[in-house]
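So you can see what is in the structure, the chains are spelled out below.
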There are 2 protein chains.
Amino acid sequence: VEHFTRVLRAYQERLRDLMRDHRMKYVLIFKNHGAVAGASLAHTHTQLIATSVTPRAVAVELLSCREHHQVKERCLFCDILAQELQDGSRIVREDAHYVTVTPYASRFPFEMWLMPRQHSHCFAEVPEAELRHLAVHFRDVLRRLRHVLKNPPYNFVLHTSPNTQIEPKRAHYWETIRYDYHWHLEILPRVTRVAGFEWGTGFYICPTPPEIAAGHLRDARETEETL
Amino acid sequence: VEHFTRVLRAYQERLRDLMRDHRMKYVLIFKNHGAVAGASLAHTHTQLIATSVTPRAVAVELLSCREHHQVKERCLFCDILAQELQDGSRIVREDAHYVTVTPYASRFPFEMWLMPRQHSHCFAEVPEAELRHLAVHFRDVLRRLRHVLKNPPYNFVLHTSPNTQIEPKRAHYWETIRYDYHWHLEILPRVTRVAGFEWGTGFYICPTPPEIAAGHLRDARETEETL
């Protein structure tokens, strides 16, 4: 847990530092685990790529969040969290600070989203005291995944706010991002293949219902031996 | 070539038949070749999936084409074709009826787009006499790919008009689709891995410039032995 906390702190420090460079509109932090998931080094590692444009996938998410907020006056992810906590069937782990679910419209079997309970648009602003809670939670759900699917290849991607330090603010979603966006981690096991259907449609065929996946992940025992 | 022509005719007949079913908004025809590309059967085959919604990826393409046509009063793909034919560096094969290029912003090494020279929005409307020309062209570019990359895994996806037989026409891109959309085939070799960066951004890192790929594909000798 100590080491995991230090890794998360490194993410934050790199994010904060790169956001001082006004050429950088977005900083993407991600992990590729296993050759199938694109890992190019044998030892475990995460990567960071800063881009001078807001990535297309991020922009689509920001616009969806903004649209929801304009209609409901609530954060989309806060609404998802409330609904998932009430329903319960897709919860993998919840504690006082974080919740991990298998999303309702999972693209991949055992896909998981880890979200802070408290609304926050930017991972770089998570208080130092929270990082240890996140390390405990994040480490636990990754271990559950490793246990249930026998160390599968996976990607995880940090979804956080673009660099809001940039002036002048250009895109129309900048002004409200603090209220309508909610940082989270998407964990994407790579046990199915993306094929012609997915390339042609942008839709995903997921053979495992998220409720079944969440059940297996909840049941995984947290012992050092098996996890 | 005879057999390939019959396969293309089968695609057309299935498309035409399914478009009589007004529940079906889109008919996707695609091929997965090789396990990495998601092929689930050992023998070569294509697949067809009809959907009751216009797939997200198709809608994005249709809207881009419509936007271009509104500004330029020309088809986006006709403009790309004219530019590629003038430039020449990304042409894989051109004949009187079809042109295959490695697109300027290729997502994958050796990605190819096969387009009819003459504007046409719908593959189902290609005249019977044209199918043989298409078979000769399509077969040749697939053989070039097989030769150059030693039978790589790949997907191809037919991009054609949604079912325009449906009444009442709902989405705002229906009315102009005949003028602003241009059917084509996208051939996507799967020699690189889609990893965290691609999931997080919707951008693709392509290590092979399309001009280099096109050169190799043009140079491939058309002999029965090697192709």
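Scroll up to find the structure.
Reference entry: report on the structure contained in this document. Keep in mind that this is a model prediction, so the values were computed, not measured.

Our focus in this paragraph is the overall build of chain A. Along the backbone of chain A there are 7 helices and 7 strands. The C-alpha radius of gyration computed for chain A amounts to 17 Å, which stays within 12% of the reference 17 Å derived for 227 residues, consistent with globular compactness. Overall size of chain A, expressed as C-alpha extent along the three principal axes, is 50 × 40 × 40 Å. Nonlocal contacts in chain A, meaning residues at least 24 apart in sequence, comprise 73% of its contacts between residues at least 6 apart. Working note: accessible area of chain A is about 10,800 Å², and carbon and sulfur atoms make up 52% of it. The positive charge centre, built from 29 side chains, and the negative charge centre, built from 27, are 4 Å apart in chain A.

Turning our attention to the relation of the copies chain B and chain A. The two copies are related by a screw motion: chain B maps onto chain A through a turn of 180° and a shift of 0.0 Å along the axis, at an RMSD of 0.0 Å. Both copies of the chain, as the preceding transformation shows, are related through a two-fold rotation axis. Looking at the interface residues of chain B, 100% of them are also at the interface in chain A, so both copies use one shared face.

Turning our attention to the pairing of strand S1 (residues 26-33) of chain B. All names here are of chain B. Here S1 lies mainly inside the structure; 7 of its 8 residues are buried. Looking at chain direction, S1 and strand S2 (residues 46-51) are connected through 6 bridges and run antiparallel. Of the residues in S2, the one forming a bridge with Val27 is Ala50. Note: S1 against strand S6 (residues 154-159), 4 bridges, orientation antiparallel. Across the sheet, the residue bridging to Asn32 is Asn155, located in S6.

Turning our attention to the side chain of Glu198 of chain B. By the secondary structure assignment, Glu198 of chain B is in helix H6 (residues 196-201). We note that Glu198 of chain B is buried and unpaired, the nearest opposite charge coming from Arg190 of chain A at a distance of 7.5 Å. Here the side chain of Glu198 of chain B touches Ala195 of chain B through a polar contact of 3.0 Å, landing on its backbone nitrogen. If we skip the residues at most four places from it in the chain, Glu198 of chain B touches Arg193, Phe203, Tyr204 and Ile205 of chain B.

Here the focus is the environment of Arg16 of chain A. Residue and element names in this part refer to chain A. Looking at the element boundaries, Arg16 is found in helix H1 (residues 2-18). Measuring from C-alpha to C-alpha, the distance between Arg16 and Leu134 comes to 18 Å, with 118 residues separating the pair along the chain. If we ignore the near neighbours within four places in the chain, the residues touching Arg16 are Ala124 and Val126. There is a polar contact of 2.9 Å between the side chain of Arg16 and the backbone oxygen of Ala124.

This part takes up the sheet that holds strand S4 (residues 98-101) of chain B. Picture the strands of a sheet paired through backbone hydrogen bonds; they go either parallel or antiparallel. All names here are of chain B. Strand order in the open sheet made by the 7 strands is S2-S1-S6-S7-S5-S4-S3, with antiparallel pairing throughout. Of all the strands in the sheet, just S2 and strand S3 (91-94) have a single pairing partner and so form its edges. In this sheet, adjacent strand axes meet at a mean angle of 15° when their direction is disregarded. For S4 and strand S5 (residues 112-116), the ladder comprises 4 bridges, and the chain directions are antiparallel. Across the sheet, residue Val101 finds its bridge partner in S5, namely Trp113. In the packing of helix H7 (residues 210-219) onto the sheet, contacts are made with S3 and S5, and the angle to S3 comes to roughly 40°.

What follows is about the packing of helix H2 (residues 56-72) of chain A against helix H3 (residues 76-87) of chain A. Residue and element names in this part refer to chain A. Running from amino to carboxyl end, H2 crosses H3 at an angle of 75°, the nearest separation of the two axes being 8 Å. In terms of axis orientation, H2 runs roughly perpendicular to H3. Counting all contacts with H2, which are made through Glu61, Ser64, Cys65 and His68, the residues of H3 involved are Leu76, Phe77 and Asp79. When the residues that make up the contact of H2 with H3 are grouped by side-chain class, the tally is 3 nonpolar, 2 polar and 2 charged.

This brings us to the interface of chain B and chain A. Between chain B and chain A, the contact holds 33 residues from the first and 33 residues from the second. Interface area for chain B against chain A, summed over the two sides, is near 2,600 Å², with a carbon-plus-sulfur share of 71%. By the criterion of area lost to chain A, the three top residues of chain B are Arg193, Phe197 and Trp199 of chain B, representing 25% of everything that side buries. At the junction of chain B with chain A, the criterion picks out 0 salt bridges. Seen at the junction of chain B and chain A, the total is 10 residue pairs in polar contact (both at pLDDT 80 or more). When contributions to the side of chain B that touches chain A are tallied by element, the ones reaching two or more residues are S1, S2, helix H2 (56-72), S6 and H6 of chain B. At 5 residues, H6 of chain B tops the list of elements feeding residues into the side of chain B that touches chain A. A breakdown of the residues in the side of chain B that touches chain A according to their chemical character gives 21 nonpolar, 9 polar and 3 charged.

Residues and elements named next belong to chain A. Extensive coverage of strand S6 (residues 154-159) is indicated by the burial of 6 of its 6 residues. The two faces of S6 match: Tyr154, Phe156 and Leu158 on one face and Asn155, Val157 and His159 on the other face are all buried. Taken together, the 6 bridges between S6 and strand S7 (residues 184-189) define a ladder with antiparallel strand orientation. Note that in S7 the partner of Asn155 across the bridge is Leu188.

Further remarks concern H2 of chain A. Each full turn of the α-helix corresponds to 3.6 residues, which orients residues three or four apart in the same direction. Compared with an ideal rise of 1.5 Å per residue, which puts 17 residues at 24 Å, H2 of chain A spans 24 Å between its outermost C-alpha atoms and is within 8% of the ideal. When we look at burial in H2 of chain A, the residues that qualify are Val58, Ala59, Glu61, Leu62, Cys65, Arg66 and His68 of chain A. Lining the buried residues of H2 of chain A we find strand S1 (26-33), H3, S6, helix H5 (177-180) and S7 of chain A together with H6 of chain B. One or two residues past the end of H2 of chain A sits Glu73 of chain A, with phi positive at roughly 60°.

Mapping His133 of chain B onto the fold places it in helix H4 (residues 128-149). Between the alpha carbons of His133 of chain B and Thr5 of chain B there is a distance of 8.6 Å; along the sequence they are 128 residues apart.

Attention shifts here to unusual backbone geometry. For Lys150 of chain A, which is not a glycine, the phi torsion comes out positive at approximately 60°. Relative to the assigned elements, Lys150 of chain A resides in the loop between helix H4 (128-149) and S6.

Reading guide: rules and limits
- Residues numbered from 1 in each chain as written.
- Chains lettered and ligands numbered in written order.
- Predicted model: local features only at pLDDT ≥ 70, side-chain atom pairs only at ≥ 80, totals over all residues.
- Heavy atoms only, no water.
- Helix = DSSP H or I, 4+ residues; strand = E, 2+ residues; numbered from the N terminus.
- Rg over C-alpha atoms; globule rule 2.2 N^0.38 Å.
- Contact = heavy atoms within 4.5 Å.
- Areas by Shrake-Rupley, 256 points an atom, 1.4 Å probe, with all protein chains shown as cover.
- Lys, Arg positive; Asp, Glu negative; His and termini not counted.
- Charge placed at Lys NZ, Arg CZ, Asp CG, Glu CD.
- Least-squares fit on C-alpha atoms with pLDDT ≥ 70 in both.
- Buried < 20%, exposed > 50% of the residue type's maximum accessible area, 1.4 Å probe, protein only.
- Pairing = 2+ DSSP bridges.
- Salt bridge = Lys/Arg side-chain N within 4 Å of Asp/Glu carboxyl O.
- Polar contact = N/O pair within 3.5 Å; in protein donor to acceptor, adjacent residues only side chain to side chain.
- Axes fitted to C-alpha atoms, helices over the stretch in contact; angles between N-to-C directions.
- Parallel < 35°, antiparallel > 145°, perpendicular 65-115°, else oblique.
- Nonpolar A, V, L, I, M, F, W, Y, C, P; charged D, E, K, R; others polar.
- Buried area = accessible area lost by both parts, 1.4 Å probe.
- Expected span 1.5 Å × (residues − 1).

So, to be careful, I would describe these as geometric facts and stop short of saying anything about function.
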